[in-house]
Amino acid sequence: MPRPRESTAVRPGPLVLALALGVTSLSLLQSLVVPVLGIIEEQLDVSPGAAGWVLTANLLAAAVLTPVLGRLGDLRGERPVILAILVAVALGTLLAIVTTSLPLLLVGRILQGASYGLFPLSISVLRRELPEARLSVAMSIVSSTLAVGGVAGLVATGLLAGDGQDYRRPFWIGLGITLLALALAAAVLPHRPSSASGRVDWWGALVLGVGLVLLLLPLSQGDAWGWASPAVVGCLVAAVLVLAGWVVLQRRTEHPLVRPAMLADRRTVVPNVAGLMTGIALFASFLAVLQYVQAPPEVTGYGFGASVLEASVVYLLPGGIAGILLAPVAGKVVTTLGALPTLLAGAASGVTGFLLLAFLRGEPWLVIVAGLLTQLSVTVAYAALPALVVQAVREDETGVANAVNSIARSVGQALGSTLAVTLIAASFDPATGFPRASAYTDVGLIGALASLAVMAVAVVGMVADRRGGRRRPDPLAGVEEATARAGEWSPVSGIR
């Protein structure tokens with residue numbers, strides 16, 4: 001049965017472009033600080049642990065804000081919440097540009113953390129505004145910018161700050177894209193009444209935020225604090241207790257932030273577990289490729305002595321460009337074959353790429369192919385995940401359901417970066433001053449295992465659907481051939 005629509009017409013192309021640019025700003029701002037943490041440490045004269053908070057503060061803010069912003073969008077309407085987020089992100093990015101103080105830089109990164117709410121809200125807008133025949137391709141375009149935008153951040157950093165220049169210069173790219181997204185969103189996002197009733201469960205949001213902070217904080221700071229330290233162990237134990245208490249609280253709340261039944265529903269468990277594992281694979285790939293190719297072969301016996309710029313442009317940019325070209329095709333595949341088979345195929349690409357990175361990385365072209373395959377696997381997964389979430393929940397829960405999926409991906413990214421950094425740091429060779437080559441084999445195997453887990457989850461979902469004797473509700477059926485053409489959705493700019 002078609003969803004009701006307001007009489008005001010919406011132009012799909014500009015709408016998808018505006019939302020895709022917003023989500024690109026999220027992923028770009030997330031990744032562009034990764035290569036310059038050492039420069040931040042040097043230029044602000046702070047310790048490595050203090051500089052690491054530039055990543056941690058952003059991630060923790062996202063963990064707290066994402067579910068609240070998703071619920072606010074469901075209750076108050078997506079337009080005002082999206083515009084407010086983009087204003088906050090622009091102010092935070094401007095602050096990061098003008099300040100030379102670490103505390104103020106962290107404030108800017110916290111404001112940028114609100115950008116994580118853009119993705120679930122964007123999926124809500126698309127589900128509300130677009131006809132079913134165009135929905136899967138549009139969701140794939142917007143979702144794929146999560147994978148494509150990260151590469152753009154790395155490339156921008158290599159171009160603007162790769163030779164020890166001012167770490168603040170790459171933030172100008174983020175500010176420009178954010179302001180453009182704000183202008184487009186203000187022009188094209190329609191005014192619509194909210195589709196949900198109830199209120200924001202502020203207590204539930206507070207308890208969830210505390211639990212997620214307790215979980216993500218030790219994952220981000222474990223190297224600095226020590227993985228067996230009382231602080232890490234205490235935070236993890238407290239996280240389990242607080243999150244368990246949050247589930248109990250949600251069961252007893254009349255209008256919960258997240259229905260416990262939604263969390264337990266197999267149809268939402270599948271995309272959330274897949275999102276967690278895909279996040280692990282994403283950052284394992286980024287960090288492994290960047291560090292490996294920059295190693296000087298005359299000292300370490302491996303690597304290619306690449307600069308930050310060369311590492312980003314030669315070894316990571318091809319995957320970003322391929323992701324932009326693949327996104328509309330992935331949307332059509334989701335529609336034609338289903339989200340779970342698409343997820344399975346993407347994960348198989350990831351397994352292949354990570355095995356190449358683990359065992360066949362002796363030539364530059366092999367590392368380029370490995371990076372291409374791993375990044376394509378993430379692009380395909382991010383194209384399939386929102387379709388799985390949308391198919392599993394009511395329309396008035398789209399925002400919060402995708403917010404939960406965003407949290408799963410964020411936790412996965414924290415785990416992926418932590419595992420990669422820990423394995424590489426643990427193999428440090430005092431004789432050369434660089435990690436041993438075996439560290440990159442271990443990181444590649446971690447990524448391959450994460451991709452295998454995504455394949456397993458997809459297979460379990462497909463088998464469960466068949467054994468249940470029913471097909472999952474498919475609001476994306478009936479896509480016409482013409483709507484899947486790349487040309488119709490191609491004006492998405494911003495390679496990350």
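Model, not experiment: these values are computed from the prediction. (Residues numbered from 1 in each chain as written. Predicted model: local features only at pLDDT ≥ 70, side-chain atom pairs only at ≥ 80, totals over all residues. Heavy atoms only, no water.)

> Looking at this structure, I do not really get the overall build of the protein. What am I missing?
Per the secondary structure count, the protein includes 18 helices and 2 strands. Rg of the C-alpha trace for the protein: 21 Å, near the compact-globule value of 23 Å for 496 residues, within the 12% margin. Structurally, the protein occupies a C-alpha span of about 65 × 45 × 45 Å along its principal axes. With 496 residues in all, the protein has 58% of them scored as buried. By sequence separation, contacts in the protein at least 24 residues apart represent 82% of the contacts at least 6 residues apart. (Helix = DSSP H or I, 4+ residues; strand = E, 2+ residues; numbered from the N terminus. Rg over C-alpha atoms; globule rule 2.2 N^0.38 Å. Buried < 20%, exposed > 50% of the residue type's maximum accessible area, 1.4 Å probe, protein only. Contact = heavy atoms within 4.5 Å.)

> It is not clear to me how the pattern of salt bridges should be interpreted in this structure. Could you clarify?
Between side chains of opposite charge, pairing is possible as soon as their charged atoms come close. Considering all chains together, one arrives at 3 salt bridges under this definition. Measuring nitrogen to oxygen at the nearest pair gives 2.8 Å for the salt bridge that ties Arg168 to Asp166. (Salt bridge = Lys/Arg side-chain N within 4 Å of Asp/Glu carboxyl O.)

> Would you explain the nonpolar core in this entry?
A general feature of soluble globular proteins is that nonpolar side chains tend to end up buried together. Counting residues in each nonpolar core, the largest one holds 140 residues, and the members touching the most others are Leu105, Leu126, Phe171 and Leu343. Ranked by the residues each element gives to this core, the list is headed by helix 12 (residues 266-294), at 14 residues. Each residue touching Phe171, except ones within four places of it in the same chain, is listed here: Leu29, Leu32, Val33, Thr93, Ala96, Ile97, Leu105, Arg109 and Gln112. (Core = buried A, V, L, I, M, F, W, Y, C linked by side-chain atoms within 4.5 Å.)

> What should I look at first to understand the environment of Trp225 in this one?
Relative to the helices and strands, Trp225 is located in helix 9 (residues 202-225). Note on Trp225: relative accessible area 33%, which makes it partly exposed. What Trp225 contacts, discounting residues up to four positions off in sequence, is Leu217, Pro218, Ala231 and Val232.

> How should helix 6 (residues 118-129) be read in this particular structure?
Think of an α-helix as turning once every 3.6 residues; residues three or four places apart then point the same way. Here helix 6 is 12 residues long and its end C-alpha atoms lie 16 Å apart, about the 16 Å a rise of 1.5 Å per residue gives. When helix 6 is considered as a whole, its buried residues turn out to be Leu118, Phe119, Pro120, Leu121, Ser122, Ile123, Ser124, Val125, Leu126, Arg127, Arg128 and Glu129. (Expected span 1.5 Å × (residues − 1).)

> Is there a simple way to explain helix 10 (residues 230-251) in this structure?
End to end, helix 10 covers 32 Å across 22 residues, agreeing with the expected 32 Å (1.5 Å per residue, within 8%). Among all positions of helix 10, only Val232, Cys235, Ala239, Trp246 and Gln250 are buried. Buried residues along helix 10 cover an arc of 55 degrees about the axis, so they all sit on one side. For helix 10, the exposed residues lying more than 90 degrees away from the buried face are Pro230, Val240, Leu241 and Arg251. (Arc of directions from axis to C-beta.)

> In this structure, what is going on with the packing of aromatic side chains? I would like to understand it.
Aromatic ring pairs are defined here through the distance separating the ring centres and the angle between the ring planes. Inspection of the entire model under this criterion finds 5 aromatic pairs. Ring plane angle 80 degrees and centroid distance 5.8 Å describe the contact between Tyr292 and Phe304, whose orientation is recorded as edge-to-face. Taken together, the residues Tyr292 in helix 12 and Phe304 in the loop between helix 13 (297-300) and helix 14 (308-337) connect sequence positions 12 residues apart. Judged by its relative accessible area of 4%, Tyr292 is buried. For the ring pair Tyr292 and Tyr440, a centre distance of 5.2 Å and an interplane angle of 75 degrees mean the geometry is edge-to-face. Here Tyr292 is found in helix 12, whereas its partner Tyr440 is found in helix 18 (residues 438-467), with 148 residues between them in sequence. When its relative accessible area of 2% is taken as the criterion, Tyr440 is described as buried. Here a set of aromatic residues connected by ring pairs shows up, and it is made of Tyr292, Tyr302, Phe304, Tyr315 and Tyr440. The ring centre of Tyr382 lies 5.2 Å from the NZ or CZ of Arg409, which sits over that ring. (Phe/Tyr/Trp six-rings, centres within 6.5 Å; stacked < 30°, edge-to-face > 60°. Lys NZ or Arg CZ within 6 Å of the ring centre and 35° of its normal.)

> Would you take a moment to explain the confidence of the model for the protein for this structure?
Close inspection of predicted coordinates is inappropriate in any region flagged by low pLDDT. This prediction gives the protein a mean pLDDT of 82; 90% of its residues lie at or above 70. Highest mean pLDDT in the protein belongs to helix 4 (residues 78-98) (95); lowest belongs to helix 11 (residues 260-264) (76). Taken as a whole, residues 470-496 scores under 50 in pLDDT and shows 76 contacts with residues more than four places along the chain or in a different chain. (pLDDT = per-residue confidence, 0-100.)

> I would appreciate a short explanation of the environment of Leu309 in the present structure.
Relative to the helices and strands, Leu309 is located in helix 14. With 137 residues separating them along the chain, Leu309 and Trp172 place their C-alpha atoms 17 Å apart. Contacts of Leu309, omitting those with residues within four sequence positions, involve Gly158 and Leu159.

> What is the right way to look at the side chain of Ser349 in this model?
Here Ser349 lies in helix 15 (residues 339-359). Given the relative accessible area of 17%, Ser349 is considered buried. When sequence neighbours within four positions are dropped, the list of residues in contact with Ser349 reads Leu373, Leu376 and Ser377.

> So what exactly am I meant to see when it comes to a nonpolar patch on the surface here?
Taken together, the side chains of Val87, Leu91, Leu104, Val107 and Leu111 present a nonpolar region at the surface, about 380 Å² in accessible area. Secondary-structure elements contributing two or more residues to the nonpolar patch are helix 4 and helix 5 (102-113). Along the chain, Leu91 falls in helix 4. (Patch = residues over 30% accessible without salt bridge, like charges linked within 9 Å, V, L, I, M, F, W, Y side chains within 5 Å. Areas by Shrake-Rupley, 256 points an atom, 1.4 Å probe, with all protein chains shown as cover.)

> What exactly am I supposed to notice about unusual backbone geometry here?
The phi angle of most residues is negative, glycine excepted, and most peptide bonds adopt the trans form. Of note in the backbone geometry, Asp45 takes a positive phi value of approximately 55 degrees without being a glycine. One can find Asp45 in the loop between helix 2 (37-43) and helix 3 (48-76).

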